[in-house]
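Take a look at the letters that make up each chain.
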Amino acid sequence: MMPIDVGDLSLEGSQSALHERLFHAIRAKIVAQLWPLGGKLPSTRKLANELSISRNTVIAAYEQLVAEGYLESRKGSGFYVTVHLPDHYLHTSSERMPQSAAAPISAFEINKPFAPGVPDLAQFPIDKWQRMLLRHGNRISLMGNQNVQGSLALRQALAEYLASSRSVACNASRIIITSGAQQALYIATSAILGAGDKVLMEQPGYAQMSKVLKLKQVDVESLIVKENVGFDLLQVEESAAKALYVTPSNQYPMGTTLNSEQRLNLIHWANLQQRWIIEDDYDSEFQFAHRPYTSLQGLASEMSSEDRVLYIGSFSKVMFNGLRLGYLVVPESLVATCLQIKDATSGDTATHSQEALADFISEGHLLRHIRKMRKLYHQKYQRMCCAIELHFKGKAKVISQAAGLHVTIKWTVEVDEIRLATEAEKIGIVVRPMRYYEDESNPYRHNRAWHSVVLGFGNTGLEQIEPNIAALARLFERLETDA
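Residues numbered from 1 in each chain as written. Predicted model: local features only at pLDDT ≥ 70, side-chain atom pairs only at ≥ 80, totals over all residues. Heavy atoms only, no water.

As annotated in an unreviewed UniProt entry, the protein chain carries the name Transcriptional regulator and comes from Vibrio sinaloensis DSM 21326. The record in UniProt for the protein chain states the following under Sequence similarities (unreviewed entry): "In the C-terminal section; belongs to the class-I pyridoxal-phosphate-dependent aminotransferase family." (UniProt positions renumbered as here; feature names shortened; annotations may be inferred.)

Right under this line is the structure:
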């Protein structure tokens with residue numbers, strides 16, 4: 001148990017004896033639950049020195065607290081707050097510190113089978129990563145304030161990696177390191193959009209982006225994504241929206257992709273109309289059916305139009321979520337504005353992990369890990385599709401492409417997607433209903449003729465896939481029977 005810091009403990013009042021005032025002061029902290037049950041108090045000598053009182057006064061107060069059941073004395077160890085308070089003071093603590101209505105969610109609960117957005121954490125080369133961290137752990141120069149734009153070494157390594165893997169045209173001066181993709185989305189949106197501006201956003205679409213736009217009071221125009229087809233480019237061309245947010249490599253959650261011709265048309269629209277494109281290129285590393293298409297930003301640079309595209313990525317899927325590092329590649333004209341926004345909202349980003357990541361990339365560890373995981377995720381995708389076909393017996397089908405870390409399944413029988421998700425959680429399976437991804441602006445939010453859920457397979461072991469799909473299918477069948 002962590003030792004208790006007496007902090008602002010004070011001896012109020014002047015009429016009673018000193019040891020009695022100390023007794024009441026300590027008891028008040030315990031009853032108000034400001035000191036943890038089982039917490040270790042300072043030694044009598046240390047507390048006497050801190051409060052500038054005699055040790056005998058502290059001993060007398062401690063002994064009285066022990067006698068009344070607030071403290072317990074452990075021979076050779078010291079004094080501790082008792083785990084069970086006297087009954088006549090329990091009501092006081094419950095009034096002062098109301099219990100939360102919801103129990104805390106464990107990491108296991110969040111990341112259990114089919115949880116979307118989680119990579120295979122067990123496959124990450126943690127030993128290599130630990131060596132990278134240790135290499136920079138004792139660098140005193142990294143312990144102070146740092147460049148708000150991020151580590152130069154990381155930005156240089158990223159510029160080379162993005163150029164070779166995604167044909168992104170940039171240099172280190174145009175890259176901003178962020179605390180994950182979410183901060184990158186916030187900075188990008190803040191730089192180009194204001195309250196009342198309109199943005200085109202895929203629907204259904206990335207829920208975290210919807211949260212950013214709502215916070216910024218930006219008007220959302222739904223760009224409806226249809227299964228296997230994607231969105232209608234004509235709607236983009238006819239829109240008066242100031243910007244377009246798009247996930248072109250693997251639309252989330254419908255799993256469609258934009259081919260090179262469609263990407264070129266979007267770039268032409270943005271350049272001709274002087275509009276902005278926010279390209280969220282998540283999951284681009286994991287394409288199983290074909291080679292990845294060149295990024296929108298890369299194609300735009302070939303057309304001398306890269307000044308209309310803001311490119312966003314992160315390391316959550318290719319490494320692990322807890323790293324919380326992302327990046328934003330912006331036109332030269334927006335660098336200063338974006339840095340002002342980042343400086344005002346968060347300041348610089350954790351430095352030691354940036355330097356470790358720079359080495360991880362430049363020494364080839366990231367690329368080797370991606371190649372390994374691309375093969376494994378392809379196997380998982382295939383196993384997911386086979387298991388769904390086998391156990392759902394044609395009542396639900398996969399509609400997302402062979403890419404990324406999730407599959408999206410669709411059905412038309414009378415099984416409510418939200419109820420399926422709720423009941424699945426009771427048997428240890430996480431599925432996310434399509435309703436989660438639908439913004440209020442989506443005209444089909446309340447009148448879809450079909451149901452759908454998203455199943456993540458990234459952090460689900462190969463051997464776990466079929467039994468969990470079988471369990472989900474049994475639940476599906478029971479809900480259909482009850483309908």
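Student: I tried to follow empty space enclosed by the protein on my own but got confused; where do I start?
Tutor: Unoccupied space between atoms shows up once a probe the size of one water molecule is rolled over them. Enumeration over the complete set of coordinates arrives at 4 cavities of 30 Å³ or more. Considered as a void within the structure, the largest cavity measures approximately 90 Å³ in volume. Lining the largest cavity, in full, are Asp281, Tyr282, Asp283, Ser284, Glu285, Tyr311, Gly313, Ser314, Lys317, Val318 and Tyr327. At 3 residues, the largest contribution of residues to the lining of the largest cavity is made by strand β8 (residues 309-314). The calculated volume of the second largest cavity comes to roughly 50 Å³. Lining the second largest cavity are Glu202, Val225, Gly230, Phe231, Thr247, Pro248, Gln251, Thr256, Thr257 and Leu258. Along the lines of polarity and charge, the residues of the lining of the second largest cavity split into 4 nonpolar, 5 polar and 1 charged. (1 Å grid on protein atoms, 1.4 Å probe; cavity = no way out; pocket = protein on both sides within 12 Å on 5 of 7 lines; lining within 4 Å. Points joined across faces, edges and corners; volume = space filled by probe spheres on them. Helix = DSSP H or I, 4+ residues; strand = E, 2+ residues; numbered from the N terminus. Nonpolar A, V, L, I, M, F, W, Y, C, P; charged D, E, K, R; others polar.)

Student: Please clarify how the domain arrangement of the protein chain should be interpreted in this entry.
Tutor: You'll often see interface size given as the accessible area lost when the parts meet. Taken domain by domain, the protein chain holds domain 1 (18-81), domain 2 (125-367) and domain 3 (373-482). For domain 2 versus domain 3, the separation of C-alpha centres amounts to 27 Å. Contacts between the two partners involve 29 residues from domain 2, matched on the other side by 29 residues from domain 3. A buried area of about 2300 Å², summed over both sides, lies between domain 2 and domain 3, and 55% of it is on carbon and sulfur atoms. For the domain 2 face of the interface with domain 3, the top three residues by lost area are Glu227, Phe286 and Phe288, together amounting to 28%. Measuring nitrogen to oxygen at the nearest pair gives 3.7 Å for the salt bridge that ties lysine 397 to glutamate 227. At the surface where domain 2 touches domain 3, the tally comes to 12 residue pairs in polar contact (both at pLDDT 80 or more). (Domains from an automatic or database assignment. Contact = heavy atoms within 4.5 Å. Buried area = accessible area lost by both parts, 1.4 Å probe. Salt bridge = Lys/Arg side-chain N within 4 Å of Asp/Glu carboxyl O. Polar contact = N/O pair within 3.5 Å; in protein donor to acceptor, adjacent residues only side chain to side chain.)

Student: Looking at this structure, I do not really get the pairing of strand β13 (residues 451-456). What am I missing?
Tutor: By the criterion of burial, β13 is predominantly enclosed, with 6 of the 6 residues buried. By the alternation rule, side chains of β13 split into His451, Val453 and Leu455 and Ser452, Val454 and Gly456, which are all buried. Bridge count for strand β11 (residues 406-411) against β13 is 6 bridges, and the pairing is antiparallel. Pairing of valine 407 across the sheet is with leucine 455, part of β13. (Buried < 20%, exposed > 50% of the residue type's maximum accessible area, 1.4 Å probe, protein only. Pairing = 2+ DSSP bridges.)

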